[in-house]
Amino acid sequence: MQLKVIKSLDKLETIIEEHSSKDSLTNNYILSHDFKHYIEKKNIYYWNENLNLYLFVKKEGFYRLYYIINNVNVQNDFSEIKIVLEIIYRGKNRIPLKHIKYWKKNSFKSHLTRDCYFLNADSILPNYNKVEGVTIEPPKNKEDILLTKKLIDENLDLYTGDRLSLQEIKNFVARGLVFCVYINDLMCGMLQVDLRNNIYWLGHIVVQKDYRGMGLANLLVDNYLNEGLKLQVRQFQLWVIDKNMPAVNLYKKKGFTYLNKSTHSMLSVN
């Protein structure tokens with residue numbers, strides 16, 4: 001398997017068009033501006049063979065794979081590199097069995113499933129519950145920013161849901177999109193959000209192990225909702241691992257409902 005770097009958006013669009021048809025199996029849902037970003041960073045590659053196209057985006061420690069499959073009868077060797085792919089589908093009963101069958105034949109294994117939940121802003125009211133000695137505010141100093149990254153790296157899945165670089169965290173902090181929970185000025189957890197198309201996305205939330213069970217995640221989510229209401233967003237959205245029932249139950253308690261959209265991730269087996 002010889003990966004070739006993609007040097008221009010024109011080249012990328014051409015090879016995608018050459019391989020696309022209405023009957024193709026694909027998880028290629030990247031937006032054009034994301035493709036442009038990957039090309040500028042020189043971290044997107046392709047491999048095409050037997051009418052199939054494979055796009056590889058280089059991440060820290062692995063590649064994320066996007067594909068257009070026209071020939072489901074071929075088998076390829078992907079064992080040289082660590083790869084993760086995500087298959088998006090609409091509705092829990094519409095599991096993409098054809099995709100999964102193809103990739104299992106090519107030595108991939110199922111990893112986990114995430115569901116997308118949403119909450120319309122006009123259906124909720126601010127909730128200002130307070131706990132004595134507990135505050136939620138932006139990171140207070142450089143050490144708290146470093147701890148934010150440490151919490152993400154040590155507690156969240158490496159392959160599904162991109163981990164943030166230190167610079168990305170700093171950029172979110174500068175935009176007012178990172179909130180930390182403090183007990184008597186000691187940082188005990190964090191929540192990072194993003195604002196896109198007037199939708200307030202919950203990206204990452206972690207409470208330190210020694211402080212779980214104290215309702216801190218509940219306070220962080222309330223703060224997230226309050227901040228979104230201040231910004232007059234139209235909707236709140238998030239992704240959650242379907243088997244993470246404490247998180248699912250928390251979001252449902254706040255009024256979130258399933259958006260009829262899920263992703264199934266698979267890993268190459270080395």
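Residues numbered from 1 in each chain as written. Predicted model: local features only at pLDDT ≥ 70, side-chain atom pairs only at ≥ 80, totals over all residues. Heavy atoms only, no water.

Enquirer: Just to check I follow, could you spell out helix 1 (residues 9–19) for this structure?
Expert: Along an α-helix, a turn takes 3.6 residues, which lines up residues three or four apart on a common side. Along helix 1, the residues that are buried comprise Leu 12, Ile 15, Ile 16 and His 19. Buried residues along helix 1 cover an arc of 100° about the axis, so they all sit on one side. Set apart from the buried face of helix 1 by more than 90 degrees, the exposed residues are Asp 10, Glu 17 and Glu 18. (Buried < 20%, exposed > 50% of the residue type's maximum accessible area, 1.4 Å probe, protein only. Helix = DSSP H or I, 4+ residues; strand = E, 2+ residues; numbered from the N terminus. Arc of directions from axis to C-beta.)

Enquirer: Help me understand the pattern of salt bridges, please; the structure alone is not making it clear to me.
Expert: Oppositely charged side chains may form a pair once their charged atoms are brought near each other. In total, this model carries 11 salt bridges according to the counting rule given. A salt bridge links Lys 254 to Asp 222, with the shortest nitrogen-to-oxygen separation between them at 2.7 Å. You can see Lys 254 sitting in the loop between helix 7 (245–253) and strand 13 (257–268) and its partner Asp 222 sitting in helix 6 (residues 216–230), a full 32 residues away along the chain. Taking the relative accessible area as the measure of exposure, Lys 254 reaches 14% and is therefore buried. A network of salt bridges, in which partner residues are shared, links Arg 64, Glu 86 and Arg 114. (Salt bridge = Lys/Arg side-chain N within 4 Å of Asp/Glu carboxyl O.)

Enquirer: How should the layout of surface pockets be read in this particular structure?
Expert: Over the atoms a probe the size of a water molecule is rolled, and this reveals where empty space is left. Estimates place the volume of the second largest pocket at around 260 Å³. Elements with a minimum of two residues in the lining of the second largest pocket: strand 8 (134–137) and helix 6. By residue number, the principal contributor to the lining of the second largest pocket is helix 6, which donates 6 residues. Here the lining of the second largest pocket is composed, by residue class, of 5 nonpolar, 5 polar and 4 charged. (1 Å grid on protein atoms, 1.4 Å probe; cavity = no way out; pocket = protein on both sides within 12 Å on 5 of 7 lines; lining within 4 Å. Points joined across faces, edges and corners; volume = space filled by probe spheres on them. Nonpolar A, V, L, I, M, F, W, Y, C, P; charged D, E, K, R; others polar.)

Enquirer: I keep staring at the pairing of strand 11 (residues 199–207) and nothing clicks. Help me out?
Expert: A regular strand places its side chains on the two faces of the sheet in alternate fashion. With 8 of its 9 residues buried, strand 11 lies for the most part within the structure. Where strand 10 (residues 186–196) and strand 11 come together, 8 bridges link them in antiparallel fashion. Pairing of Gly 189 across the sheet is with Val 207, part of strand 11. Between the end of strand 10 and the start of strand 11, which pair antiparallel, lie 2 residues, with Asn 197 showing a positive phi angle near 55°. Running through helix 6, the crossover from strand 11 to the neighbouring parallel element strand 12 (residues 235–241) is right-handed. (Pairing = 2+ DSSP bridges. Right-handed = clockwise from strand over helix to strand, strands pointing away.)

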